[in-house]
Amino acid sequence: IHYVPIIVYNSSRMHAFIITGGSREKRRERIIRKLNEWKINQFDIRELTPDESSIGIARVRQFTSHLSLAPSGALSVGIISDAELLTQEAQNALLKTLEEPPGNARIILETQTIDTLLPTILSRCLVTSLGVSDTFSRAEHEAWLASWSTLVSQRPGVVLGAVEVIAASRGGAQRWVICGIEALHRALDTQSAQAIGRLLKAQVQLAANVTPKLVIDLCILG
């Protein structure tokens, strides 16, 4: 489990939200708080949960069709629990609803990590991180951030040597990518925006089981 940076896409009319980080209990508490804030009738809440180890396209299509129905109150809310288990096909199906959401519906994705979510999904949601997990402390995260910032400024030979260490495991590669995204968000400029694009692409590739060394090579060397 990783510390997940807060990535905020500003919009005064946001219809889709991602609650990530922290514990499952804290994420559920935040969702309940939102439902109370929006004064949602319990009959207007629709929740999608995983079947065994994934959430497939058929269930997402059924879920989004229900959201198009008129609510009994002012709003209906669709909640996707364990959204990290959405298949890529299911995410693409969900994307159509995120791009053109029903005016009287809001969608909340509850997930332990955003690692497996497509960049196109992230770009259409307001992402709220509940912070550091018990297994990855803030001090450890800051150390990874410092390591990332130092590494990208080194000579190519030093960088290539470090790739072997970073890509020794998929988890290590994913953690490095997450730290890179946060480091670049802290000092955003044109060059950083391009690098963030490469890192978001790397997240998708790692989630799709592309060889970690190949992903990190392409990410660093462009």
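Preceding this paragraph is the structure being described.
Residues numbered from 1 in each chain as written. Predicted model: local features only at pLDDT ≥ 70, side-chain atom pairs only at ≥ 80, totals over all residues. Heavy atoms only, no water.

> Which residues make up the sheet that holds strand S2 (residues 45-48), and what values go with them?
As summarised here, the arrangement of the five strands in space is S2-S3-S4-S1-S5, forming an open sheet in which the pairing is parallel. Only two strands of the sheet have a single partner each, and these edge strands are S2 and strand S5 (126-129). Strand-to-strand twist across the sheet, computed as the mean angle between neighbouring axes with direction ignored, equals 20°. Of the pairings in the sheet, the one linking strand S1 (residues 16-20) to strand S4 (residues 105-111) comprises five bridges and is parallel in character. Across the sheet, Ala-16 pairs through a bridge with Ile-107, a residue of S4. (Pairing = 2+ DSSP bridges. Helix = DSSP H or I, 4+ residues; strand = E, 2+ residues; numbered from the N terminus. Axes fitted to C-alpha atoms, helices over the stretch in contact; angles between N-to-C directions.)

> Explain the environment of Pro-102 to me, using residue names and the numbers behind them.
Relative to the elements of secondary structure, Pro-102 occurs in the loop between helix H3 (88-99) and S4. Note: C-alpha distance between Pro-102 and Thr-64 (38 residues apart in sequence) is 9.5 Å.

> An account of the nonpolar core is requested, with residue identities and associated values reported.
Counting residues in hydrophobic clusters, the biggest one holds 27 residues, and the most contacted among them are Ile-18, Val-60, Ile-80, Leu-86, Leu-94, Leu-109 and Ile-121. Of all the secondary-structure elements, those providing two or more residues to this core are S1, helix H2 (57-67), H3, S4, helix H4 (119-122) and helix H8 (190-207). The biggest single contributor to this core is H3, with five residues. For Ile-80, the residues in contact, after removing those within four places along its chain, are Leu-48, Ile-55, Phe-63, Leu-86, Leu-94, Ile-108, Leu-109 and Glu-110. (Core = buried A, V, L, I, M, F, W, Y, C linked by side-chain atoms within 4.5 Å. Buried < 20%, exposed > 50% of the residue type's maximum accessible area, 1.4 Å probe, protein only. Contact = heavy atoms within 4.5 Å.)

> If you had to explain unusual backbone geometry to someone new, which residues and values would you point to?
One non-glycine residue, Lys-39, adopts positive backbone phi at about 55°. On the secondary structure map, Lys-39 appears in the loop between helix H1 (24-37) and S2. Looking at Lys-39, the relative accessible area reads 72%, which means it is exposed. Notably, Asp-82 is not glycine yet its phi reads approximately 55°, a positive angle. Position of Asp-82 among the secondary structure elements: in the loop between strand S3 (76-80) and H3. A residue is classified by how much of its surface remains accessible, and Asp-82, at 12% relative accessible area, is buried.

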